[in-house]
Amino acid sequence: MTHPSSTGSRRIVVLGTGGTIAGSSPEAGANLGYTAGTVSVEDLLGGITTPKGFALHAEQVAQLDSKDMDTATWQALHERCEHWLAHEDVAGLVITHGTDTAEETAFFLHSVLSSIKPVVLACAMRPSTALMPDGPQNLRDALAIVATPAAAGVTVVCAGEIHGAVEVRKDHPYRLDAFGSGDAGPIGYVEEGGVRLLRHWPPTEASNQTGEAVTLPAVNRWPRVEIVLSHAGASGALIDTLVRERQSGTSEPVAGIVLGATGNASLHHAIEQAAHRARAAGIEIRVAARCNEGRLLPTPEAAFPIMAALSPVKARIALMLALCRDTHHAR
Ligand code: ASP
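By convention here, each chain's residues receive numbers from 1 onward along its written sequence. The model is predicted, so local features are restricted to residues of pLDDT at least 70 and side-chain atom pairs to those at 80 or more, both for listing and for counting; the totals for chains, interfaces and linings are taken over all residues. Calculated side-chain values reflect all of the structure's heavy atoms, with hydrogen atoms and water omitted.

(A) Quick peek at the overall build of the chain. A tally of regular secondary structure across the chain gives eight helices and 13 strands. Computed over its C-alpha atoms, the radius of gyration of the chain comes to 20 Å, within 12% of the 20 Å expected for a compact globule of 331 residues. Remark: exposure states derive from per-residue accessible area (1.4 Å probe, protein chains only) relative to the maximum for the residue type, with buried under 20%, exposed over 50%, and partly exposed in between. By residue count, 52% of the 331 residues in the chain fall in the buried class. Here, two residues are considered to be in contact whenever any of their heavy atoms come within 4.5 Å of each other. Taking all contacts inside the chain whose residues are at least 6 apart in sequence as the whole, residues at least 24 apart take part in 73%. Element-wise, carbon and sulfur atoms account for 53% of the exposed surface of the chain, whose accessible area totals about 14700 Å². Positive charge is attributed to Lys and Arg, negative charge to Asp and Glu, and no charge count is given to His or to the chain ends. In this description, the location of a charge corresponds to atom NZ of lysine, CZ of arginine, CG of aspartate or CD of glutamate. Counting 26 positive and 34 negative side-chain charges, the chain places the centres of these two groups 3 Å from one another. A helix here means a DSSP run of H or I that spans at least four residues, while a strand means a run of E at least two residues long, and both kinds are numbered starting from the N terminus. For the radius of gyration, the atom set is restricted to C-alpha positions; the globular benchmark scales as 2.2 Å times the number of residues to the power 0.38. For the area figures, the Shrake-Rupley method with a 1.4 Å probe applies, and any residue is considered shielded solely by the protein chains shown.

Right, dumping it as structure tokens:
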């Protein structure tokens, strides 16, 4: 629905998916113990100033706590993003989203969207019913980013910081500035409605590579990719269980495993040996860094391909999409 107070020739579409930004609590002013994803995106826009020269259009795509994000919601979000970004008068999108998996949704969209128009995830650490909710300011900042000439790619805005989809991660379970971009740092700041850019806007991967929308398989056919962390006292038991399950002819066999490495692609020997067994059984193995900063550097002795700068959760998405493309091309 188009926001009643909106006037303007270009549109910003705001897609609602739930999260704490849309959360509410029966206890007035509570910051904890609320239910995420209860307030409509239309209501969240009430009282938010529309950037000059733009009209807002709100659409509820989902209404969930982002800890429960699933492939069906990603599929729907992808479809709605492509739909709206194809409209010439749409300058870009804002997606209201929970903080828990915002980095995963941002990276997913970064990897699949064909347009370079700005797509900004806005979130909050406090529910809408808090004494001082942070959602309205974050939402306002997200709109300001989309309204900024030359803004591009998928970003997350929180507490005035703009993070790129590849680097962003939730660093803190409670603080209002809960996100960081590791040693890359934020790509900029929103200051009283103005964007101060520190480095380039991140172009989407698909727009870089092909300029075409990625065709995703039906939701129940997305390849299953699991994450196993290497740690002190690790065994290969989880990996062996996944291999056995695959060999038993289960309907959703694991297709890939991302190993979370302790150092520069270093793995507990039990994990490494089990990963070799898994690879021999036809499972794709990738290694991602458990460390929060830096990137994995290639070494001659590396047993498995490394996912340079991606965290394990993003490496999981990258492998899943790579396997989707392989399956698609094999048809
Ligand atoms: N569990 C909530 C969510 O991710 C947390 C938040 O939004 O801050 O939806």
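Structure shown, so let's carry the discussion forward.
(B) Spatial organisation of the side chain of arginine 80. Inspection of the secondary structure assignment puts arginine 80 in helix α2 (residues 71-85). Its relative accessible area of 19% is what places arginine 80 among the buried residues. Each polar contact in these results corresponds to two N or O atoms within 3.5 Å; when the atoms are within protein, one needs to be able to donate a hydrogen and the other to accept it, and residues that are neighboring in sequence are counted only if both atoms are side-chain atoms. At a separation of 3.4 Å, a polar atom in the side chain of arginine 80 contacts the side chain of glutamate 79.

(C) Looking closely at the site of the ligand. For the ligand, the full set of nearby residues is Gly19, Thr20, Asp65, Ser66, Lys67, Gly98, Thr99, Asp100 and Ala124. Taking serine 66, its side chain carries an N or O atom lying 2.6 Å from an oxygen atom of the ligand. Considering the ligand on its own, with 260 Å² of exposed area, one finds that the protein chains cover 93% of that surface. Following the grouping adopted for this structure description, the nonpolar residues are Ala, Val, Leu, Ile, Met, Phe, Trp, Tyr, Cys and Pro, the charged ones are Asp, Glu, Lys and Arg, and the polar ones are all others, Gly among them. Across the shell around the ligand, the residue classes break down as one nonpolar, five polar and three charged. Near is defined per residue: the residue qualifies when any heavy atom it owns lies within 4 Å of the molecule or strand.

(D) Inspection of the sheet that holds strand β10 (residues 194-197) at higher detail. DSSP calls a pair of strands paired once it identifies at least 2 bridges connecting them. Within the open sheet, the eight strands sit side by side as β2-β1-β3-β4-β5-β6-β9-β10. Their pairing is mixed. The sheet terminates laterally at β2 (54-64) and β10, the two strands that pair on one side only. Sheet twist, expressed as the mean angle between neighbouring strand axes with direction ignored, is 25 degrees. Every axis corresponds to a line fitted to the C-alpha atoms, with the helix fit spanning only the stretch in contact, and the corresponding angles, defined between N-to-C directions, vary from 0 to 180 degrees. In the packing of α2 onto the sheet, contacts are made with β1 (10-18), β2, β3 (90-96) and β4 (119-122), and the angle to β2 comes to roughly 165 degrees.

(E) Structural context of the environment of proline 305. Turning to its location among the elements, proline 305 is positioned in the loop between β13 (284-289) and α8 (312-330). Note: C-alpha distance between proline 305 and alanine 315 (10 residues apart in sequence) is 11 Å. Here proline 305 is in contact with Ile285, Arg286 and Val287, once residues within four sequence places are set aside.

(F) Structural detail: α2. Expected span, for any helix, means 1.5 Å times one less than how many residues it has. Taking 1.5 Å of rise per residue, the 15 residues of α2 would be expected to cover 21 Å, and the 21 Å separating its terminal C-alpha atoms lies within 8% of that figure. Restricting attention to buried positions, one finds in α2 the residues Thr73, Trp74, Gln75, Leu77, His78, Arg80, Cys81, Glu82, Trp84 and Leu85.

(G) Geometry of helix α7 (residues 269-280). Helix length check: α7, at 12 residues, gives a terminal C-alpha distance of 17 Å against a target of 16 Å (1.5 Å per residue), a fit within 8%. On its buried face, α7 sits against β11 (224-229), α6 (237-247), β12 (254-261) and β13. Immediately downstream of α7, the backbone of glycine 282 shows phi near 95 degrees, a positive value.

(H) Local environment of the pairing of β2. Most of β2 sits out of view: eight of its 11 residues are buried. Where β1 and β2 come together, eight bridges link them in parallel fashion. Across the sheet, the residue bridging to arginine 10 is phenylalanine 54, located in β2.

(I) Just the nonpolar core, in detail. Note on terminology: a nonpolar core comprises buried Ala, Val, Leu, Ile, Met, Phe, Trp, Tyr and Cys residues joined through side-chain atoms within 4.5 Å. Core analysis: the biggest nonpolar cluster contains 47 residues, and Cys81, Leu93, Phe108 and Leu109 have the highest contact counts within it. Ranked by residue count, the leading element in this core is α8, at seven residues. Those residues in contact with cysteine 81, other than ones at most four positions away along the chain, are Leu15, Leu93, Ile95, Leu109 and Leu113. The next biggest cluster of nonpolar side chains, apart from the first, holds 30 residues, and it includes Leu143, Ile162, Ile187 and Trp201.

(J) Representation of the packing of α2 against helix α3 (residues 102-112). Between α2 and α3, the least distance of the axes is 11 Å, while the angle of their chain directions is 50 degrees. Judged by the inter-axis angle, α2 sits oblique to α3. The handedness of the crossing between α2 and α3 is right-handed. Contact residues: Trp74, Leu77, His78, Cys81 and Glu82 in α2; Glu104, Thr105, Phe108, Leu109 and Val112 in α3. Here the contact of α2 with α3 is composed, by residue class, of six nonpolar, two polar and two charged. Angle categories are assigned with fixed cut-offs, so that under 35 degrees is roughly parallel, over 145 is roughly antiparallel, 65 to 115 is roughly perpendicular, and the rest are oblique. When the near helix sits turned anticlockwise from the far one by under a right angle, the crossing is termed left-handed; a clockwise turn instead gives a right-handed crossing.

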